[in-house]
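This is what each chain is made of:
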Amino acid sequence: MSTRFRRLQDSADIEISVDGRAIPARRGESVAATMMAAGIDGFGADPAGNPRGPACMMGSCFQCACAIDGVADARACRVPAEAGLSVVTTGARASPRDPQPVREDSTGVAVVGAGPAGGACALALAAEGLRVTLIDDNAEAGGQIWRKRFDVELGGGAWLRGRRDAAKAAIDHRKGVEVLGHRPGHELWLADRDGRGAILKSKTLVVATGALEVPNVVPGWTLPGVLHLGALQVLAKADGLVPAGPVLLAGAGPLLYVVADDLRARGVAIAAVVDAAPFPGWDVVSALMNAPGLLQQAIGFEWRLRRAGIPILRRHVLDRIDEGLRATIRNLANGRTHTREVAVVGASLGLRPNVELAGQAGCELAHDPALGGWHARVDGSGETSVNDVYAIGEARGIGGSEAALCDGVIAAAAIVERAGKTPSAELARAVAAARLRRERFMRAARVLAGWSKAPALSIPDGTILCRCEAVAAGTLARATDLELTGPREAKLASRAGMGFCQGRTCHPALARASGSAAAPSFRFPLRPVRADAFPPMDR
């Protein structure tokens, strides 16, 4: 069987079963990666019978949901492969199990998200002697950008070098745990990978939930083999899996070039980099010059890609993808199109803040296109409109990892003061430096957002907008014709955004198609959860 993906190293050492067929796996890689390496494209079907395939590889889209060892609708990208594990891609139901008591405990500060912002904040708080619980749904810390690295030795985190190991050891790090929502009294309801519930109460909550990709919605974007740009990065960094044949990378924003350079370095054949943005002008170059290291990084990406002979098509967009992954590319300057047949397509239109936990906790949201759209409104220390709830990193606006590191340090100092303690002189110096550094990186981020903004192109009626419920653009248009224009009304009329991912993937496309400018709303629970995760409790 031909495969779209290959392992960087032939290191399969175990076997798992998929629909009764034994396939080789590497212990610890995601089940989704195992299946893709074996040439399995279909992970079940959507409500219309169209084949589903992984899209985000970070647990948000639910397109890789299967029954795994009797757990129905488990996301294969979140489950590590183990010898003898059994996967069923269609029609499986959850196995009954005995109820277990819900773990309930408390902490001083709960930090949700172990990427640059959350990691830096947790380490700083622990170094200052506060009780910290760090919660993340990944198997290891590092977030989507670092993957399996707990490294804040850069930027705003460098000050901690002397005390990092001691601080890290003091953190209660809960890996592979998802936050289902925030309840009154700063209670976090949690679920582990087996769907077992827990409740954590804290005095302070820090939301460091990072960013979500904006999908590139064109005809064919739901075909197996079409993934988000970040998904290709996750597969390469975390699972050692890369496209086996030519890959087309399309979209807008810095992530496009980060992923292209990553794959190039791993020997992947890149058919083209399709960038909706024009060649950067002096305003972009000037902004990059003022943010330490960014200009050199951007020049390095461009130089290495061109030296490798990889075409960079600026002011071009992905127009459609047909069966066999025949991608049609449109020149925005003259409207001409051409087609390339590839093994894999990676496409997305930049990043947007992940504000679901902040929004569900009642924090005020604000909209700014230069910050990625809807983000948590915060003060200078990162505190939101809800007392003792902080939003840092991309949750308060897209700014990149360096700005996120600074956010973590700044918020940590404010939390230490709120706890009635005086920040150490070391932390105080770090905060002063972080404020200056953050300003420079955020200024560059705003300019980059304006430069890389993709044009809003028309979406044909037959194009799927909501992957979970297989709702096409035409269906949503008919709801709009009936004056069902609000997000809630459009959902009720079409079921768009009501599937497993709860609109996490399709919200930008749905908002645009319905003409809604309203802030997104979030309900508890934020993720689907087994009914037996929280058996009846006397509370």
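Note that the coordinates shown come from a computational prediction; the quantities given were computed from them, not determined experimentally.

A. Main features of the overall build of the protein. Of the regular secondary structure elements, the protein holds 14 helices and 27 strands. Relative to the globule expectation of 24 Å for 539 residues, the C-alpha radius of gyration of the protein, 23 Å, shows essentially globular dimensions. By principal-axis analysis of the C-alpha atoms, the protein measures approximately 65 × 65 × 55 Å. For the protein, with 539 residues in total, the buried portion stands at 56%.

B. Geometry of the environment of L436. The residue L436 is located in helix α11 (residues 425–451) in this model. With a relative accessible area of 59%, L436 lands in the exposed category. As a C-alpha pair, L436 and C406 span 30 residues in sequence and 9.2 Å in three-dimensional space.

C. Representation of the pattern of salt bridges. Under the definition given, this model contains 28 salt bridges. Ionic pairing is found between R264 and D261, a salt bridge with its closest N-O pair at 3.0 Å. Here R264 pairs with D261, and both are found in helix α6 (residues 254–265), just three residues apart, close to one helical turn. Residue classification places R264 among the partly exposed residues on the basis of a relative accessible area of 22%. Here the residues in one salt-bridge network are R75, E178, E356, R504 and R527, joined through shared partners.

D. Highlighting the sheet that holds strand β21 (residues 337–341). In space, the three strands of this open sheet follow the order β19-β20-β21, with antiparallel pairing throughout. The strands lining the two open edges of the sheet, one partner per strand, are β19 (316–322) and β21. Neighbour-to-neighbour, the strand axes of the sheet open up by a mean angle of 30°, direction not taken into account. The pairing of β19 with strand β20 (residues 326–331) spans six bridges and is antiparallel. Bridged to H316 within β20 is N331.

E. Structural detail: helix α14 (residues 507–514). Taken together, the buried positions of α14 are occupied by A509, L510, A511 and S514. At the C-terminal side of α14, G515 shows a positive phi close to 70°.

F. Summary view of unusual backbone geometry. Cis geometry is found at the peptide bond from F524 to P525, where omega equals -5°. Along the chain, P525 turns up in the segment after α14. Positive phi, close to 60°, is recorded for M57, a residue that is not glycine. Topologically, M57 is positioned in the loop between α1 (31–37) and β4 (65–68). Residue class for M57 comes out buried when judged on its relative accessible area of 3%.

G. Quick peek at the environment of G185. Mapping G185 onto the fold places it in the loop between β10 (178–183) and β11 (187–191). Along the chain, G185 and C501 lie 316 residues apart, while their C-alpha atoms are 27 Å from each other. Leave out the neighbours within four places in its chain, and G185 touches K201 and S202.

Definitions and limits used
As a convention, each chain's residues are numbered from 1 in the sequence order in which they are written. Reporting of local features is limited, given that this is a predicted model, to residues whose pLDDT is at least 70; pairs of side-chain atoms are given and counted only at 80 or more, and all residues count toward the totals for whole chains, interfaces and linings. Each side-chain value is worked out from all heavy atoms of the structure, with water and hydrogens disregarded. Each helix is a run of DSSP H or I of at least 4 residues and each strand a run of E of at least 2, with the numbering of both proceeding from the N terminus. Here the globule rule reads 2.2 Å times residues to the power 0.38, and the radius of gyration is calculated from C-alpha atoms. Residue burial is assigned from relative accessible area. The probe radius is 1.4 Å, only protein chains are included, and a residue is buried under 20% of its type maximum, exposed over 50%, and partly exposed in between. A carboxyl oxygen of Asp or Glu within 4 Å of a side-chain nitrogen of Lys or Arg is what we treat as a salt bridge. Here, any two strands with at least 2 DSSP bridges between them count as paired. Note on geometry: axes are lines fitted to C-alpha atoms, helical ones only across the stretch in contact, with angles between N-to-C directions running from 0 to 180 degrees. Any two residues whose heavy atoms approach within 4.5 Å at even a single point are treated as in contact.

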